[in-house]
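Next come the chains, spelled out residue by residue.
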Amino acid sequence: MGVGLSPQDLIDVVAAGVDVFDCVAPTRNARHGSLYCGQFVETPDDWVAFVPDEERGRLLIKKQQYRHDHGPLSAGCDCYTCEHHTRSYMHFLFKTNAPLYFPLACIHNVRMMQRACEAMQKMIKKATNATFF
Ligand SMILES: [Zn+2]
């Protein structure tokens, strides 16, 4: 419980054998303007790592540096928010307290957690030739 402060948290606990967990952090972080930003990469030991694109793997959307940033929240993210909106637009929604900000931000952070799980699932399948996923 409470292992979602970063996508790397999930990766670490699954590597340690934990397979049931939950956490409010992805949506709480999103609501407070902290959005996951990074890439999932395969490691030499056939596992997964979350490589942050921004400091600590999160961008704080309230920062002025995103006011004119027309990139997605996280490069390579396939969530609805990243495919349809920019950091600049999300910055605007956050700064103006627009209700639309909250679902869009939560969609992104939850999708990043799903992508962490998908990356781990791929490596587990590869290691075990499992067909039950
Ligand atoms: Zn996204």
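Preceding this section is the structure that the text describes.
Analysis parameters
Residues numbered from 1 in each chain as written. Predicted model: local features only at pLDDT ≥ 70, side-chain atom pairs only at ≥ 80, totals over all residues. Heavy atoms only, no water. Axes fitted to C-alpha atoms, helices over the stretch in contact; angles between N-to-C directions. Helix = DSSP H or I, 4+ residues; strand = E, 2+ residues; numbered from the N terminus. Left-handed = near helix turned anticlockwise from the far one by under 90°. Contact = heavy atoms within 4.5 Å. Nonpolar A, V, L, I, M, F, W, Y, C, P; charged D, E, K, R; others polar. Donors = N, O, S within 2.8 Å, 3.2 Å for Na, K, Ca; no water. Tetrahedral: all angles 85-135°; square planar, octahedral: opposite > 155°, others 65-115°. Buried < 20%, exposed > 50% of the residue type's maximum accessible area, 1.4 Å probe, protein only. Parallel < 35°, antiparallel > 145°, perpendicular 65-115°, else oblique.

**Q** Would you mind going over the packing of helix H1 (residues 7-15) against helix H5 (residues 101-128) with me for this structure?
**A** Pairs of packed helices are described in terms of their axes, by the angle between the two and the distance that separates them. Where H1 meets H5, the closest approach of the two axes is 9 Å, and the angle between their N-to-C directions is 35 degrees. Note that H1 runs across H5; the crossing there is right-handed. In contact with Pro7, Leu10, Ile11 and Val14 of H1, H5 contributes Met113, Ala116, Cys117 and Met120. When the residues that make up the contact of H1 with H5 are grouped by side-chain class, the tally is 8 nonpolar, no polar and no charged.

**Q** Which parts of the structure should I look at to understand the coordination of the zinc ion?
**A** Between any two of four tetrahedral donors, the ideal angle at the metal is 109.5 degrees; between two of six octahedral donors, it is 90 or 180 degrees. The coordination sphere of the zinc ion, as far as protein atoms go, consists of Cys77 (SG), Cys79 (SG), Cys82 (SG) and His108 (ND1), spread over 2.1 to 2.3 Å. What the 4 donor atoms of the zinc ion show is an angle range of 99 to 116 degrees at the metal, which sorts the shape as tetrahedral. On the primary sequence, the residues serving as donors to the zinc ion are separated as C-x1-C-x2-C-x25-H. Residue Cys79 is located in the loop between strand E4 (58-60) and helix H3 (80-84), and its partner His108 is located in helix H5; the two are separated by 29 residues in the primary sequence. Here His108 falls in the buried class, since its relative accessible area comes to 0%.

**Q** Before we go on, may I ask you to explain the packing of helix H4 (residues 87-95) against H5 in this structure?
**A** Look at H4 against H5: their axes get within 9 Å of each other, and the N-to-C directions meet at 130 degrees. Relative to H5, H4 is oriented oblique. Where H4 crosses over H5, the handedness of that crossing is left-handed. Each of Tyr89, Met90, Leu93 and Phe94 in H4 lies in contact with H5, whose residues at this interface are Tyr101, Leu104 and Ala105. In terms of residue class, the contact of H4 with H5 is built from 7 nonpolar, no polar and no charged.

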